[in-house]
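Take a look at the letters that make up each chain.
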Amino acid sequence: MSSTPPKHAEPATPANRCVALFVLALVLAAPARAQDPGSDPAKPDARVTAPQEGREAPTVVAIHAVGQRRYSETQLVEALGLKIGEPYDPIRAGRGIENLFRAFRVRGALQVREVPGGVELELGVVELPVDLEPRFVGNAEIDKETLLRWAQLPERGELYLFQAERVRQRLLEGYRQEGYKFAEVDVVRRGEESGSTDLPDVIFEIREGPQVHVRDVVVRGNASLPDRGWWFWRDGLKKLSKVELEGPSLFDWYGAKFDEEKLQADLLAMRSTYRDLGYLDAVVDVERFEYSADKSRVTVHVIVDEGTPWRVSTLRVRGVEREQDPKNPDARVDVPAELRYPEAELLALCKLKPGKRYERVKQAQDQAELRKRYGKDGYLSHPSLGADSWQFLEPELVYDFEKHEVAVTYRIAQGEQRFVREVLFEGATHTRDRVLRREVDVMPGEKADVEEITRSLNRIYSTNYFSDEFAPLDHKDPTFRFKPVEGQPNWVDLFYEVEEGRVVNLQLQGGIDSNNGIFGRILLEMRNFDATALPSSLWRMPGEIYEKEAFHGAGQRLVLELSPGTLVNSYQVRFVEPDLFGTQFNRTILDLNLSRRLRRYRFYDEERNDRRVRFGREFGRNWTMWAGFTNQGIDVTDIEADFSGGFLQPGEFPLADSLYSEEGHSNLIGGLFDVNYRDVDRTLNPTEGMLARWQNGLYGSVFGGDWQFVRSSVDFDWFWPYGSEEEDVRPGLHLSVGLGIADDFGNTRDVPYTERFFLGGNHILRGFSYRGVGPNKGGEPLGGESMANASLEYRIPLYAVAQPGTYKKVEVFHSKLFVDAGLLDPESWRLDLDELRASVGFGFGMSYPIPISLNFGFPIETGPDDQRETFSFSIVNITF
């Protein structure tokens, strides 16, 4: 083998270098010429011939356009942007060529010719072929307007031929979303050939095929999460994953329209469910599709390989500080830091435990618990504080693939402990500061306790001064934010942001109710009334009230109501001053009420005129004690007994004796004493918390009345929501319990019939008619001097919509299941269990925009002559 050394290359001469550079330039230029920008119809031809360099820019003396058919020379020259008499600018000319394509879809080339006095520009244009009205054929089920919307084309809109393929894809996507899995679309083009004299024409030939509905989604292999149950009692993988593709149901008899994109999203959701529950290796995929003979229905078979669940080997909590990166001022680096609390205390709050399954659901719960613990001591987690707030960083996970174990380390950016410097309000343009401040328990100088800050926010919301129940989607609910104090890293200003609500409510309404019949309502209600804020003049009063400049801002309440109806006629004037002495805390409340109510019952008429004054005193945030006085005039007339047989002893009446003793006019005068407890998340439709009411009345001749008796009742309501706290609308339980007693004394032999307790209707003991629960006499109720009732209701949201601005969900439709029970005893201090009544049932309702309640009750315990009512309803607040 020879080992001849390699020959060395001869040194390159200057001539050789020039030749090599010239060849290289040709090689690089060849592909550039081959890829002519004019070959792509979607790109403009930006060829511009420039004048020779080294000379002063010549003046444009003329501009001509050639090659145009649809557009005038004036239009094209104006879009080019060059002006006669101005110096020629090649850069500006290039931008003008691009602008021509954007404005008119024409490809342009600019030629520059030197002429005496400057240059003459010739703009050569090639107009892209366009169909002024593309056609669709074969679309039997989808109308043309829908196709144009899918194609993103306006009615009678033009379509450039190069866009046809893009439109075809949009049409296919639209058909797929509507369940037309087998739809096909072909594009037929005419007039795009070079030199063709035919007008451009595009036809989309559509073969729709059958619309495919999902018959069922069958999952195999999900041993740990089997799908079982039906409707609201469903459980399993599909329920937890909230899949969208499902078979026929009560609200969708045909089943969901088959959509490949939704199917892939459902598969991803099922995989995520397994990840959340510790099955990190789980595989979920489509096994096969099973179509009906006509391919209009499909059963999707899904196969699951769950794998082995992973468990937690160790759980640690580590603190970090997020410091500014010295190399990048816009970035931060995590530096280990000492925990503010003992690690054992924080681990005790966690639901994730060593030896237990690693579940991301519990990890999210741990994040909420740790945030709550730090938040009580002023370590705030809020978007308004940016990177300096408390943060639960992505945990460190170390996997052991042999043992299927994971070592979990929670990392917490603890931030600084914050104190409140000032509590401020934004958006309350016409409401007095003290009206808001009395709802807030967070004081300047205190630790910024997030839990207390949130409770104060809920109280502001519960005033209903800053909400609009008639248009909740268009109104932003109260919220809060923090603003760091410059130069004081441990101090923040707390801002509550509100938007003045619909507090002047003037309405002409109507409704129908199975208890009260058809009724109308003329209502003027001012929830944030101010009796001292007088208008500037009588003529300006309507406008100033509407603009909240008059009679507004002190938190008072004024109600003027007139309600005629088929069974009930009433009017009411009411004024409430919630802070009589301006103390803000532990307030004294004044409540004045004047009302008249005429009610037509089945067998008599009752008219009641009530004049009442009450004083209330708050004790803390939840307790209120009331004392007052009432003077009522009661008229009982038109007693009609349906007595078709039998024998009455002398002095015996066919109906309740106490009703006949009250016939005519009587006065009911006495003192009132009530105690209220309220701790709920909202005033209207509460979902969490407790309500309690103890109401007492002592009536006697010493006050000038005709009757002597005492009446006392106590009611409790508990609300428990279920599901994730991150959800705005959740299902929940409502348990209510009521007890009542009425007892006569002195010269009164029986408690007046109108003041006894009654059950039945669409609120208490559904399944029985209004006041339809016995014991009965003559087919009508005797009423009870003793009463007990209870109800358990499970409420299920069916549909909710997002509120703009906050994206908070607002419930629209709901359903409910209920069990009601109750009993009345004509004697005081006695409850005869033989008189127990009970019912079960279900209902549906609309919360927004029109409150509607439909109940279907089925009595399971009844008594003689009870009046049943399977269907009861309430449709109110229909505003005209």
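The rules behind the values
Residues numbered from 1 in each chain as written. Predicted model: local features only at pLDDT ≥ 70, side-chain atom pairs only at ≥ 80, totals over all residues. Heavy atoms only, no water. Axes fitted to C-alpha atoms, helices over the stretch in contact; angles between N-to-C directions. Helix = DSSP H or I, 4+ residues; strand = E, 2+ residues; numbered from the N terminus. Left-handed = near helix turned anticlockwise from the far one by under 90°. Contact = heavy atoms within 4.5 Å. Nonpolar A, V, L, I, M, F, W, Y, C, P; charged D, E, K, R; others polar. Pairing = 2+ DSSP bridges. Salt bridge = Lys/Arg side-chain N within 4 Å of Asp/Glu carboxyl O. Buried < 20%, exposed > 50% of the residue type's maximum accessible area, 1.4 Å probe, protein only. Core = buried A, V, L, I, M, F, W, Y, C linked by side-chain atoms within 4.5 Å. Parallel < 35°, antiparallel > 145°, perpendicular 65-115°, else oblique. Patch = residues over 30% accessible without salt bridge, like charges linked within 9 Å, V, L, I, M, F, W, Y side chains within 5 Å. Areas by Shrake-Rupley, 256 points an atom, 1.4 Å probe, with all protein chains shown as cover. Arc of directions from axis to C-beta.

Asks: How should I be thinking about the packing of helix 4 (residues 144-151) against helix 5 (residues 164-177) in this particular structure?
Replies: Geometry of a packed helix pair, given as the angle between the helix axes and the separation of the axes. Helix 5 packs onto helix 4 with a crossing angle of 120 degrees between their chain directions and a minimal axis gap of 8 Å. Note on packing geometry: the crossing formed by helix 4 with helix 5 is right-handed. Residues Leu147, Trp150 and Ala151 of helix 4 touch helix 5, and the partners they reach there are Val167, Arg170, Leu171, Gly174 and Tyr175. The residue inventory of the contact of helix 4 with helix 5, partitioned by class, reads 6 nonpolar, 1 polar and 1 charged.

Asks: Just checking my understanding: could you explain the sheet that holds strand 10 (residues 213-220) for this structure?
Replies: Note on sheets: strands pair through backbone hydrogen bonds, and any given pair is parallel or antiparallel. Taken in spatial order, the 3 strands of this open sheet run 10-12-11, and their pairing is mixed. Strand pairing shows two members of the sheet lacking a second neighbour, strand 10 and strand 11 (283-291), which therefore form its edges. Ignoring strand direction, the axes of neighbouring strands in this sheet form an average angle of 20 degrees. Bridge count between strand 11 and strand 12 (residues 297-305): 8 bridges; the pairing is antiparallel. Among the inter-strand pairings, Val286 is bridged to a residue of strand 12, identified as Val302. Where helix 7 (residues 260-276) meets the sheet, it contacts strand 10, strand 11 and strand 12, and its direction lies at approximately 145 degrees from that of strand 11.

Asks: Would you mind going over unusual backbone geometry with me for this structure?
Replies: Leaving glycine out, the prevailing phi sign among residues is negative, and the prevailing peptide bond configuration is trans. Put simply, Gly774 and Pro775 share a cis peptide bond, and its omega is 20 degrees. Looking at the secondary structure, you find Pro775 in the loop between strand 31 (767-768) and strand 32 (776-777). The phi dihedral of Asn464 falls on the positive side, at around 65 degrees, and the residue is not glycine. Take Asn464: it is sitting in the loop between helix 11 (450-462) and strand 18 (479-485).

Asks: Is there a simple way to explain the pattern of salt bridges in this structure?
Replies: A pair can form between side chains of opposite charge whenever their charged atoms are brought close. Here the structure, examined in full by the defined rule, presents 56 salt bridges. In this structure, Asp591 engages Arg574 in a salt bridge whose closest nitrogen and oxygen atoms are separated by 2.7 Å. Note that Asp591 is positioned in strand 24 (residues 588-600) and Arg574 in strand 23 (residues 568-577), a separation of 17 residues in sequence. The exposure class assigned to Asp591 is buried, which follows from its relative accessible area of 4%. Among the salt bridges present, the one from Arg602 reaches Glu780, with a minimum N-O distance of 3.3 Å. In this pair, Arg602 sits in the loop between strand 24 and strand 25 (605-619) while Glu780 sits in strand 33 (residues 780-781), placing the two residues 178 residues apart along the sequence. Each member of the salt-bridge network shares a partner with another, and the members are Lys376, Asp441, Glu451, Glu452, Arg455, Arg459 and Arg621.

Asks: What exactly am I supposed to notice about the nonpolar core here?
Replies: As a rule of thumb, soluble globular proteins bury nonpolar side chains together. Tyr604, Ile639, Leu659 and Tyr753 are the most contacted members of the largest nonpolar core, which has 27 residues in total. Elements with a minimum of two residues in this core: strand 26 (623-637), helix 13 (657-661) and strand 27 (664-680). Residues within four places of Ile639 in sequence aside, it is in contact with Phe603, Tyr604, Leu655, Leu659, Tyr660 and Glu663. Among the nonpolar cores identified, the runner-up in size contains 25 residues, and Tyr71, Ala79, Val119 and Val130 belong to it.

Asks: In this structure, what is going on with the environment of Gly236? I would like to understand it.
Replies: Considering the arrangement of structural elements, one finds Gly236 in the loop between strand 10 and helix 6 (237-241). On the basis of relative accessible area, Gly236 is assigned to the buried category, the value being 3%. Each C-alpha atom, one on Gly236 and one on Leu225, is 4.8 Å from the other, the two residues being 11 residues apart in sequence.

Asks: Could you clarify how one ought to interpret the packing of helix 2 (residues 73-80) against helix 3 (residues 90-104) in this entry?
Replies: Close contact between helix 2 and helix 3 brings their axes to 7 Å; oriented N to C, the two are set at 125 degrees. Taken together, helix 2 and helix 3 sit at an angle that is classed as oblique. Along the contact surface, helix 2 presents Gln75, Leu76, Ala79 and Leu80, while helix 3 presents Arg92, Ala93, Gly96, Ile97, Asn99, Leu100 and Phe104. Counted by class, the contact of helix 2 with helix 3 contains 7 nonpolar, 3 polar and 1 charged residues.

Asks: What exactly am I supposed to notice about a nonpolar patch on the surface here?
Replies: A cluster of nonpolar side chains, contributed by Leu250, Phe251, Trp253, Tyr254, Leu798, Tyr799 and Phe813, occupies part of the molecular surface with about 820 Å² of accessible area. Its place among the elements puts Leu250 in the loop between helix 6 and helix 7.

Asks: Just to check I follow, could you spell out the pairing of strand 14 (residues 328-337) for this structure?
Replies: The pairing of strand 13 (residues 311-325) with strand 14 spans 7 bridges and is classified as antiparallel. Within the sheet, the bridge partner assigned to Arg322 lies in strand 14 and is Asp334.

Asks: What is the right way to look at helix 2 in this model?
Replies: Helical geometry: 3.6 residues make up each α-helical turn, so side chains three or four residues apart lie on a common side. Those residues of helix 2 lying buried are Leu76, Val77, Ala79 and Leu80. Along the axis of helix 2, the buried residues cluster in a sector spanning 160 degrees; they form a single face. Residues of helix 2 that are exposed and point over 90 degrees away from its buried face: Thr74 and Glu78. In this fold, the buried residues of helix 2 make contact with strand 2 (60-66), helix 3, strand 3 (106-115) and strand 4 (118-127). Once helix 2 ends, the next one or two residues include Gly81, with phi positive near 90 degrees.

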